[in-house]
Amino acid sequence: LKDWANLEAIDLSGCGQVTDAALGHLGALPGLKAVGLADTAVTDSGVCRLLTGFPALEAVGLAGCARVSAAVVPYLARLRKLKLLALPPRADTIDVRVEFQKRRPACRLV
């Protein structure tokens, strides 16, 4: 990924082999603004590390991430530039949506 250091968006959705270890390689993309991880094998731990490492993310796709729970919501809420979010199934509840919209009203939940 070093050759693509200027990459702003990456969509790994549907890549079932993508794990937390693979997310560590995204550190080579300092300008990353959007990441799609739908239907991958990432977990809370990997997603939390990713979100902490990329505070300027504008779009995050976690739909279909069966191993990701509501534990990532506080990390998502810290992303001040977040404009678009697809929550993982285990976190996609009315309560989470309402609370998230209070914290980040400019973010569109899909």
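Everything quoted here is computed from the prediction, not taken from an experiment.

(A) Representation of the side chain of Asp-44. Tracing the sequence through the fold places Asp-44 in helix H2 (residues 44-53). No salt bridge is formed by the buried Asp-44; its nearest oppositely charged neighbour, Arg-90, is found at 5.1 Å. In this structure, Asp-44 is in contact with Arg-67, Val-68, Ser-69, Ala-71 and Val-72, ignoring residues within four places of it in sequence.

(B) Focus on the environment of Leu-79. Of note, Leu-79 is situated in the loop between helix H3 (73-77) and strand S4 (84-86). Residue class for Leu-79 comes out buried when judged on its relative accessible area of 1%. Each C-alpha atom of the pair Leu-79 and Ala-59 lies 9.6 Å from the other, and the pair is 20 residues apart in sequence. With sequence-adjacent residues up to four places away left out, Leu-79 is seen in contact with Leu-51, Phe-54, Pro-55, Leu-57, Val-60 and Arg-104.

(C) Inspection of the side chain of Ser-69 at higher detail. You can see Ser-69 is positioned in the loop between strand S3 (59-61) and H3. Overall, the relative accessible area of 11% leaves Ser-69 in the buried class. Not counting the four nearest positions on each side in its chain, Ser-69 is found in contact with Asp-44, Pro-88, Arg-90 and Ala-91.

(D) Seen up close, the pattern of salt bridges. Under the definition given, this model contains four salt bridges. Across the salt bridge formed by Glu-58 and Lys-83, the nearest N and O atoms sit 3.7 Å from each other. Pair noted here: Glu-58 is in the loop between H2 and S3 and Lys-83 is in the loop between H3 and S4, with a separation of 25 residues, a long-range link. Among the residues examined, Glu-58 registers a relative accessible area of 24% and is labelled partly exposed.

(E) Looking closely at the sheet that holds strand S1 (residues 9-11). Taken in spatial order, the five strands of this open sheet run S1-S2-S3-S4-S5, and their pairing is parallel. In this open sheet, the two edge strands, each paired with only one partner strand, are S1 and strand S5 (108-109). Of the strand pairs in this sheet, strand S2 (residues 34-36) and S3 are connected by three bridges, and their pairing is parallel. Among the inter-strand pairings, Ala-34 is bridged to a residue of S3, identified as Ala-59.

(F) Structural context of the nonpolar core. Judged by nonpolar contacts, the single largest core of 33 residues is most densely connected at Leu-26, Val-35, Val-60, Leu-76, Leu-85 and Phe-100. Looking at this core, the elements that each hand over two or more residues are H2, H3 and helix H4 (94-103). Top element by residues in this core is H2. It accounts for four residues. Each residue touching Val-35, except ones within four places of it in the same chain, is listed here: Ile-10, Leu-26, Leu-50, Leu-57, Ala-59, Val-60 and Gly-61.

Rules behind the numbers
- Residues numbered from 1 in each chain as written.
- Predicted model: local features only at pLDDT ≥ 70, side-chain atom pairs only at ≥ 80, totals over all residues.
- Heavy atoms only, no water.
- Helix = DSSP H or I, 4+ residues; strand = E, 2+ residues; numbered from the N terminus.
- Buried < 20%, exposed > 50% of the residue type's maximum accessible area, 1.4 Å probe, protein only.
- Lys, Arg positive; Asp, Glu negative; His and termini not counted.
- Salt bridge = Lys/Arg side-chain N within 4 Å of Asp/Glu carboxyl O.
- Contact = heavy atoms within 4.5 Å.
- Pairing = 2+ DSSP bridges.
- Core = buried A, V, L, I, M, F, W, Y, C linked by side-chain atoms within 4.5 Å.

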